[in-house]
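# Coordinates in review
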Amino acid sequence: MKVFGFGAQDADKELTPLVFDRKDPRAGEVAFKVTYCGVCHSDLHQVRNDWKNTKYPCIPGHEVVGEVTEVGEGVTRFKKGDTIGVGCMVNSCMECEKCHDNVENYCQGPIGFTGTYNGPGKKEDQNTYGGYSSHMVVREEFGIKVPKGYDPKYVGPVLCAGITVYSPMKHWNVGKNTTLGVAGVGGLGHMAIKLGKALGAKVVALTRSEGKKDKLLNMGADEVIISENKDDMKAAAQSIDVLINTIPVPHDINPYVNLMKPDGSIVIVGNLINFENVVPAPLVVNRISIAGSLIGGIKETQEVLDICAEHDISPDIKMVKMQQINDVLDTLEKGNDSDFRHVIDMQSLHDEIDSLQDKATQVKNPDRGEVVNRKAS
Ligand SMILES: [Zn+2]
Ligand SMILES: [Zn+2]
């Protein structure tokens, strides 16, 4: 099927309209019209090649929701007209220990999981294109069911920002007796505050900006610490059990180590680039861990969306048009200090498709990899 999207053709290029073909749904796959797509900080990193692994053209978007238009043979979980969500993955080996444990995000197969975009496969020229596009096709196991009554425009950010903070909360047993710290209160952090409260934890939010204090308290944070206020930080020493660090850029982590109770864990979910000068003594003396966590498996992603529906939790979003995407990415690059997620109303792309017929640049077709049947393995 002919698909229009917005993507970058190089690290120093803006996103422009592109056109390509997606393979029609094969057995076990679902095609859908994209209705909303969240804008994640990873989209920016990938477009700008910050992780040195970007394949171009790069068509981002892994906070996707849409309406099912067609299902392939044997599909049982979705039917035409259903609302479907797709997060960060569209495929994995389905055979390794991690896939069997429902943590496809840590797939140990020969190529790991296939990302929704920039998901290179075995072949050099393979690539996947994400949700900044008019239509997508996904194998049904990687589709998330949207609970009845949950507004589709809120779904996208739950599938990356939400699951990225929820999965470590589950893994590190955040619950009623936990003091949960949340460092950085952008797209991920504000979801961590809301989900931490839903799990019964005491939530302490850490932000640089004094101006956000009331908003974060209203959002549910029990306490707000201004991270640049040394007195605040000192007063909070050894008070936190689990700290989810969502700050997406390199920063000094030592002040956060001092906030941890003995046996506490700092979980890095935002910064994949580096940390300079981590001082080990406080880690050693109080048996503190610095750990990392990457998104979450499909089962857990479904779980967090169901919890959001059940507890009436929605991300704070700002709706934008597809055509505004370069401005949105610039805002993120300048150090987005906003506590909301940009979500693209994809109707803005669908409305423009007629005029894009001549304007869009043809690019090579994406390849989402083979369909491996989990049931048969
Ligand atoms: Zn993301
Ligand atoms: Zn696997």
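What comes next concerns the included structure. Just so it is clear, the structure is predicted and the values come from calculations on it, not from any experiment.

Quick look at the coordination of the zinc ion (ligand 1) now. Protein coordination at the zinc ion (ligand 1): the donors are Cys40 (SG), His62 (NE2) and Cys160 (SG), at 2.1 Å from the metal. Along the chain, the residues donating to the zinc ion (ligand 1) fall in the pattern C-x21-H-x97-C. With Cys40 in the loop between β3 (29-38) and α1 (41-47) and His62 in the loop between α1 and β4 (64-71), this pair connects stretches of sequence that are 22 residues apart. A relative accessible area of 4% places Cys40 in the buried class. Among the residues examined, His62 registers a relative accessible area of 9% and is labelled buried.

Attention now goes to the packing of aromatic side chains. Following the criterion strictly, the structure yields two aromatic pairs and no others. A centroid spacing of 4.8 Å and a plane angle of 75° characterise the contact between Phe20 and Tyr129, whose relative ring orientation is edge-to-face. Of the two residues, Phe20 is situated in strand β2 (residues 16-21) and Tyr129 in the loop between β7 (114-115) and β8 (135-139); the sequence distance between them amounts to 109 residues. For the pair Phe20 and Tyr129, a shared accessibility class is recorded, and that class is buried. The side chain of Lys145 reaches across the aromatic face of Phe78, ending 5.5 Å from its centre.

Bringing the pattern of salt bridges into the picture now. Pairs can form between side chains of opposite charge once their charged atoms are near each other. Counted under the stated rule, the structure contains 17 salt bridges. Between Arg48 and Glu333 there is a salt bridge, with the nearest N and O atoms lying 2.9 Å from each other. Remark: Glu333 occurs in helix α10 (residues 325-333) and Arg48 occurs in the loop between α1 and β4; sequence separation between them is 285 residues. When its relative accessible area of 45% is taken as the criterion, Glu333 is described as partly exposed. Note that Lys170 is salt-bridged to Glu303, the shortest N-O span being 3.8 Å. Within this pair, whereas Lys170 is found in helix α3 (residues 155-171), its partner Glu303 is found in helix α9 (residues 298-310), the two being separated by 133 residues in sequence.

So, on to empty space enclosed by the protein. Enumeration over the complete set of coordinates arrives at two cavities of 30 Å³ or more. There is about 110 Å³ of room inside the largest cavity. A breakdown of the residues in the lining of the largest cavity according to their chemical character gives five nonpolar, three polar and four charged. Quantified by volume, the second largest cavity comes out at close to 60 Å³. Lining the second largest cavity are Gly87, Cys88, Met89, Ile144, Leu159, Ile163, Ile295, Gly296, Ile298 and Thr301. Listed by contribution, the elements that provide at least two residues to the lining of the second largest cavity are α3 and α9.

Definitions and limits used
Residues numbered from 1 in each chain as written. Chains lettered and ligands numbered in written order. Predicted model: local features only at pLDDT ≥ 70, side-chain atom pairs only at ≥ 80, totals over all residues. Heavy atoms only, no water. Donors = N, O, S within 2.8 Å, 3.2 Å for Na, K, Ca; no water. Helix = DSSP H or I, 4+ residues; strand = E, 2+ residues; numbered from the N terminus. Buried < 20%, exposed > 50% of the residue type's maximum accessible area, 1.4 Å probe, protein only. Phe/Tyr/Trp six-rings, centres within 6.5 Å; stacked < 30°, edge-to-face > 60°. Lys NZ or Arg CZ within 6 Å of the ring centre and 35° of its normal. Salt bridge = Lys/Arg side-chain N within 4 Å of Asp/Glu carboxyl O. 1 Å grid on protein atoms, 1.4 Å probe; cavity = no way out; pocket = protein on both sides within 12 Å on 5 of 7 lines; lining within 4 Å. Points joined across faces, edges and corners; volume = space filled by probe spheres on them. Nonpolar A, V, L, I, M, F, W, Y, C, P; charged D, E, K, R; others polar.

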